[in-house]
Amino acid sequence: MNRSIFGRLVAKDLYFYRWMLAIALIAGVFSLVIASFSEGDGVRTGMNLGMLLFITTIITFGIFISMAGILKEKQDKSQLFVLSLPVSAAQYSAAKVCAALIAFLGPWLVLTGGVIVATAATGRPSGGIPFFVVMMTFFLVTFCVLLAIVAITMSEVGAITGILITNLSVTLFFFSIGRSPDIAGRADEAVATWSPAILTLLTAEIALILLSVALAIYLPSRKRDIT
Amino acid sequence: MSNAAIEFNGVSKRYPFFALEDISFRLEKGQIMGLVGPNGAGKTTTMRILMGLIRQDAGEVEMLGRAIPHDQVRAKWDVGFVSEEMRLFSGATLAWHMSFVRSIYPDWDERYANTLLKRFFLRPEQKIKGLSRGEHVKALLLLVLARRPRLLVLDEPTAGLDPVARHEVIAELMEVLLDDGRSILFSSHNTLDVEQISDAITFIDRGRIVESDDKESFVERWRRITVEGAPAGQLPPVPGNVDITRSGHLAVITTNAWQPGMLAPWEQAGARVHEIHRMTLEEIFVANVLHKRKERGE
């Protein structure tokens, strides 16, 4: 694979994502700041509102990256321009998936890392950290699954189906882990506990991420016709 | 490895409601070929197979001596492709596109790019979404021509352009042709454009090649001859006779094998040649396509 062109294609996508990246970061940090005002009214309004905003930001950002980055280029025919350059369809698809992953991982790492570092630095109770990491990794899973569905189907119907599936899975996921004493039950503890249940869940999430990314790169490369 | 710029050999591609069948033609290096066909004839599918965007079901394709689609990446270094449907990134400027393409192609000719900017009256700082259709095509051509490719593949580049923009685009292409080493495959349903710049023509209709030959040969071979006073059925058979229409005692004969001496048998049979009409490319195209459809019983 020509690394130079591959890198330029990835850089090109990141350039087009730049405003989305900035907005996602600002909205993410803003919602986490709101979530940090969790005490005072007894019902944790700040925490609930902040987390709702945070989840909305992450999910919306993932949808934007998949739709705007991958599907839009096909719909507005600029894909033909890129494919006229010395790249194959397989290289093109791989570059799109890589750029989308990098774009999502940027704010994801900053927000996830920021919360962990801020918790450690301020000496707050860290019992919620494993739950937070599992939650953030799940958002990464939903993004990768959506990315794979969009990259493989390259259709609006596929994208909408993917959005429905991933959004439904978020509800189901929170419903299940919210009832788990090993995961959500320890969120209020003073010290983080990486229980076997948490580690198993994280392993399953990472496996799903790897599988989705592999399929997102491999299956489009097998297509006979790209336009 | 072939010496042709493009070679199609028995290429087929099937869709549920359309099939490209047994496409074979050859574009020599330094030659300009017009691929002419009505809408839906298979021009775009042919071009996309050539560019590796669609994989053929059967047959071989070579571009600049490289097998397509397997070796498309190496072939595309020397190929500029512009299609009617192709769009640049609407939110970016032309300057951004120039910088993007320049970063990929080491042979990017900055001076030529600037000349084209002036000639096409394009402003690099303008966003693509603000360009008219004609300006957009010119921007695409600029990005392709400034790379100095050995082969240009142009799929209906003048479609939807006003006459002035069309003239400017064709004029620029004609200038490109001054470089003898450069080859062009140019598809269009506008025979006037093709006639201006091509030196070889391939007619395509309903997914099949109708005929492929030099432009001069087409123009020299095809005539529409009006004869008078020849009773029906009494004209001697003529080679290359593709159509006869009668109106009263006049008969209009279309032939694709014109030779000055071929009229003698008709005159001996009592016919008087009224007019010998040198056909335009459009007339040749229509007559050729209709003749082939009739031959195939379509």
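Residues numbered from 1 in each chain as written. Chains lettered and ligands numbered in written order. Predicted model: local features only at pLDDT ≥ 70, side-chain atom pairs only at ≥ 80, totals over all residues.

**Concerning the overall build of chain B**
Phase 1: Helix and strand content of chain B: ten helices and 14 strands.
Phase 2: For chain B, long-range pairs separated by at least 24 residues make up 71% of all intrachain contacts whose partners lie at least 6 apart in sequence. (Helix = DSSP H or I, 4+ residues; strand = E, 2+ residues; numbered from the N terminus. Contact = placed C-beta atoms within 7 Å.)

**Comments concerning the environment of Trp 266 of chain B**
Phase 1: Relative to the helices and strands, Trp 266 of chain B is located in helix H9 (residues 264-268).
Phase 2: A residue is classified by how many C-beta atoms lie within 10 Å of it, and Trp 266 of chain B, with 20 of them, is buried. (Buried ≥ 20, exposed ≤ 12 C-beta atoms within 10 Å, placed from the backbone.)

**Quick notes on the interface of chain A and chain B**
Phase 1: With 20 residues of chain A at the contact, the number on the chain B side is 22 residues.
Phase 2: Classifying every residue of the side of chain A that touches chain B by side-chain character gives nine nonpolar, five polar and six charged. (Nonpolar A, V, L, I, M, F, W, Y, C, P; charged D, E, K, R; others polar.)

**Structural notes on the environment of Gly 34 of chain B**
Residues and elements named next belong to chain B.
Phase 1: Within the secondary structure, Gly 34 sits in strand S3 (residues 32-36).
Phase 2: Each C-alpha atom of the pair Gly 34 and Ser 187 lies 5.6 Å from the other, and the pair is 153 residues apart in sequence.
Phase 3: Filtering out sequence-adjacent residues up to four positions away, Gly 34 remains in contact with Phe 186, Ser 188, Val 194, Ser 198 and Ile 201.

**Details of helix H5 (residues 133-145) of chain B**
Residue and element names in this part refer to chain B.
Phase 1: Across its 13 residues, H5 extends 18 Å between first and last C-alpha, which sits within 8% of the 18 Å expected from 1.5 Å per residue.
Phase 2: Counting buried positions along H5 yields ten of 13 residues, so the element is predominantly enclosed.
Phase 3: Among all positions in H5, only His 136, Val 137, Lys 138, Ala 139, Leu 140, Leu 141, Leu 142, Leu 143, Val 144 and Leu 145 are buried.
Phase 4: Buried positions along H5 lie against strand S6 (79-83), helix H3 (94-104), helix H4 (110-119), strand S7 (151-155) and helix H6 (163-176). (Expected span 1.5 Å × (residues − 1).)

**A look at the pairing of S7 of chain B**
All names here are of chain B.
Phase 1: The buried fraction of S7 amounts to five of the five residues, a majority that puts the element mostly inside the structure.
Phase 2: Burial of the side chains of S7 extends over both faces: Leu 151, Val 153 and Asp 155 are buried on one face and Leu 152 and Leu 154 on the other.
Phase 3: Pairing of S6 with S7 involves five bridges; the strand directions are parallel. Its bridge partner being in S7, Phe 81 is matched across the sheet by Val 153.
Phase 4: Where S7 meets strand S8 (residues 183-188), five bridges bridge the pair, whose relative direction is parallel. The partner of Leu 151 across the bridge, within S8, is Ser 183. (Pairing = 2+ DSSP bridges.)

**With respect to the pairing of strand S4 (residues 58-63) of chain B**
Residue and element names in this part refer to chain B.
Phase 1: In this sheet, S4 lies alongside strand S1 (residues 4-14) in antiparallel orientation, the contact comprising five bridges. Bridge assignment links Glu 7 to a residue of S4, and that residue is Glu 62.
Phase 2: Bridge analysis of S4 against strand S5 (residues 66-68) gives three bridges, and the strand direction is antiparallel. Each bridged residue has a counterpart across the sheet, and for Val 61 the counterpart in S5 is Ile 68.
Phase 3: Between S4 and S5, which pair antiparallel in sequence order, lie two residues; one of them, Leu 64, sits at a positive phi of approximately 50°.

**Focus on helix H2 (residues 45-75) of chain A**
All names here are of chain A.
Phase 1: The terminal C-alpha atoms of H2 lie 42 Å apart, and with 31 residues this matches the ideal 45 Å at 1.5 Å per residue to within 8%.
Phase 2: The sharpest bend along H2 measures roughly 30° and falls at Ala 68.
Phase 3: Gly 50, Phe 54, Thr 57, Ile 58, Phe 61, Gly 62, Ile 65, Ser 66, Gly 69, Ile 70, Leu 71 and Glu 73 are the residues of H2 that are buried.
Phase 4: Lys 77 sits one or two residues past H2 and shows a positive phi near 70°. (Bend = angle between axes of the 7 residues up to and from the residue.)

**Comments concerning the packing of H2 of chain A against helix H6 (residues 156-178) of chain A**
Residue and element names in this part refer to chain A.
Phase 1: Look at H2 against H6: their axes get within 12 Å of each other, and the N-to-C directions meet at 165°. On the basis of the axis angle, H2 is roughly antiparallel to H6. Both H2 and H6 take part in a crossing whose hand is right-handed. Here H2 contributes Ile 59, Ile 63, Ser 66, Met 67 and Leu 71 to the contact with H6, which in turn contributes Glu 156, Ala 159, Ile 163, Asn 167 and Val 170.
Phase 2: Residue composition of the contact of H2 with H6, grouped by class: seven nonpolar, two polar and one charged. (Axes fitted to C-alpha atoms, helices over the stretch in contact; angles between N-to-C directions. Parallel < 35°, antiparallel > 145°, perpendicular 65-115°, else oblique. Left-handed = near helix turned anticlockwise from the far one by under 90°.)

What is shown is where atoms sit, not what they do.
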